[in-house]
Amino acid sequence: MAGGRGPLKVTVVRGGGLAGLVSSTAVDTSALASADAAALRARVQRASLADTQAGAPQPDRELVEILIEDDDGAVTAMNADELSPGVRELIEWVESAPDRTEQLGPPGP
Amino acid sequence: MVCFILPTHVLLELAERGEIDLREAAKAAVASAGMHARRAAVTALVQSLGVEAELMPPPQERKVVYDAQHGVELPGVLRRGPDDGPHADKAVNDAFDNADRTYDFYRDVLGRHSVDGNGADLISTVHYRRGFDNAFWEGTQMVYGDGSGKIFKVGSLAADTSVVAHEITHGVVQFTAGLVYSKQSGALNESWADVFGSVIKQHTLGQTADQADWLLGAGILGTQLPGRALRSMKDPGTAHDFDRQPAHMDDYVDLPDNGDPRNDNGGVHINSGIPNKAFYLVATAVGGHSWEKPALIWYDALATRLQRNSQFKDAAEATVASAKELYGDDEAGIVRSAWREVGVL
């Protein structure tokens, strides 16, 4: 997925952690300059989210979810704090992208 | 020597039955005896078995700080060893000095040498990732991000005594009750870390229970998290704009533990407000320094009564029993009243 030309949205959700809060960062190719959109698509393709898996919980360690949405549907990778370099690179790109949106709030529904 | 992680009475039984070497068992039992009083009692017990109890010298205090250099590899590059003086990097010294205060508290007040009770190195890594808004206990060491300025002020995590003591106490919990990091047992794990985070800060400042602010991470919040601290043990739910901690079982937040980052391992950082408030009530009712009777009761319950899957009610009963055994009916009554006030008993 994420190889097409349609809009692509990537959301990184962090929770747990010392504060126990939930922070969410999202980028959408429709709001990005074309060079940034291409950079995001390339990172999503390199990220191989299928490799992510949950480890044993550690006190105050963050839990991370990556949500990727495009024309083909949505893919979610959970519990991805200890990740392959490709996934980490994707997360770092999203969390420092120029036109990202950020939200912070308490846990729960 | 052999490393045993069995309770003392089990060790002694095995030794009596000849299933393990008596001398090794005796040494391990003495070394792992937590409080001064218990250490003396175990020594007497070992000697009564007819073993020539060769008391081990107390373990040496060792603290080391590494630098992840903004990467993710642990522990990173060694910056300050146990015998080194201050480093040029403030974050290194902050992590070192707060680990020092915490080690000294556990040794001098509770008779415990390091997280494992046997002098394990206290290992810290600073500068984990870039602008990372978290600190955590990784199972063998503490890890500190620098903070982005948005959730935590830059450089504030390793510099805050209550945060560092909180993380090290997660290590103590791992080597004692081993409270499972999920739902109520996880909230107890969090609460015990908050209790000793606050108590060790009070000890450092020489404050009484009435003088203390009862805050975790006071003044460390960044620009996107308006508030005065991470958590308030005195008034759970009031520390910052997104603080949803309850102070009573009527307001317990039942979240699933399903790996979803939105659910915080089943609300471990939310519902810890209830046992946190119970400790605050005990400390203020007893009066004086919280590191005297209140902390000794809480530590005794953790080290000798709580178990992996203990729930809030178990913690209430454990602390009441510890209070009664250590001090008597008056103190047990104060502890029971506190747990009643927060709706656990």
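A. Geometry of the interface of chain B and chain A. With 30 residues of chain B at the contact, the number on the chain A side is 27 residues. Going through the elements one at a time, strand E4 (135-137), helix H5 (161-175) and helix H7 (264-271) of chain B are the ones with two or more residues in the side of chain B that touches chain A. No other element matches the five residues that H7 of chain B contributes to the side of chain B that touches chain A. Classifying every residue of the side of chain B that touches chain A by side-chain character gives 13 nonpolar, 11 polar and six charged.

B. Representation of the environment of Asp-264 of chain B within the structure. Here Asp-264 of chain B shows up in helix H7. Excluding anything up to four places from it in sequence, Asp-264 of chain B contacts Gly-15, Gly-16, Gly-20 and Pro-107 of chain A together with Leu-255, His-269 and Ile-270 of chain B.

C. Looking closely at the sheet that holds strand E1 (residues 9-16) of chain A. Residues and elements named next belong to chain A. Ordered by their spatial adjacency, five strands build an open sheet running E4-E3-E1-E2-E5, and the pairing between neighbours is antiparallel. Of all the strands in the sheet, the pair left with one neighbour each is strand E4 (73-77) and strand E5 (101-105). Adjacent strand axes in the sheet meet at a mean angle of 15 degrees when their direction is disregarded. Both strand E3 (residues 62-70) and E4 contribute to a ladder of five bridges, which runs antiparallel. Within the sheet, the bridge partner assigned to Leu-67 lies in E4 and is Thr-76.

D. Summary view of the pairing of E1 of chain A. Residue and element names in this part refer to chain A. A large share of E1 lies buried, amounting to seven of its eight residues. As judged from the six bridges shared by E1 and strand E2 (residues 22-28), these two strands associate in the antiparallel manner. By the bridge assignment for E2, Val-12 is matched with Thr-25. The antiparallel pairing of E1 with E2 creates a hairpin that spans five residues between the two strands, and Gly-17 there sits at a positive phi of about 70 degrees.

E. Spatial organisation of the sheet that holds E4 of chain B. All names here are of chain B. Pairing is mixed in the open sheet, where five strands are placed in the order E2-E1-E3-E5-E4. The sheet is open, and its two borders are formed by strand E2 (77-80) and E4, each paired with just one other strand. Averaged over all pairs of adjacent strands, the angle between their axes in this sheet comes to 25 degrees, without regard to strand direction. Direction of pairing for strand E1 (residues 63-67) relative to strand E3 (residues 122-126): parallel, over a ladder of five bridges. When the sheet's bridge partners are listed, Lys-63 is paired in E3 with Leu-122. Against the sheet, helix H4 (residues 90-108) contacts E1, E2, E3 and strand E5 (142-144), and its axis sits at roughly 155 degrees relative to E1. The strands touched by H5 within the sheet are E3, E4 and E5, with E4 carrying the most contacts at an inclination of about 20 degrees.

Criteria and cut-off values
- Each chain carries its own residue numbering, running from 1 in the direction its sequence is written.
- Chain labels run from A onward and ligand labels from 1 onward, assigned in the order the entries are written.
- The model is predicted, so local features are restricted to residues of pLDDT at least 70 and side-chain atom pairs to those at 80 or more, both for listing and for counting; the totals for chains, interfaces and linings are taken over all residues.
- Placing a C-beta atom from the backbone of each residue, one calls two residues in contact when those atoms lie within 7 Å.
- The secondary structure listing takes helices from DSSP runs of H or I that are at least 4 residues long and strands from runs of E that are at least 2 residues long, numbered from the N terminus.
- In this classification, the charged set is Asp, Glu, Lys and Arg, the nonpolar set is Ala, Val, Leu, Ile, Met, Phe, Trp, Tyr, Cys and Pro, and all remaining amino acids, among them Gly, are polar.
- The criterion for strand pairing is that DSSP finds at least two bridges linking the strands in question.
- Between N-to-C directions, angles cover 0 to 180 degrees, with each direction set by a line fitted to C-alpha atoms, over the stretch in contact for helices.
- To sort residues by burial, count the other C-beta atoms lying within 10 Å of each one's C-beta; a count of 20 or more means buried, 12 or fewer means exposed, and anything in between means partly exposed. C-beta atoms are built from the backbone.

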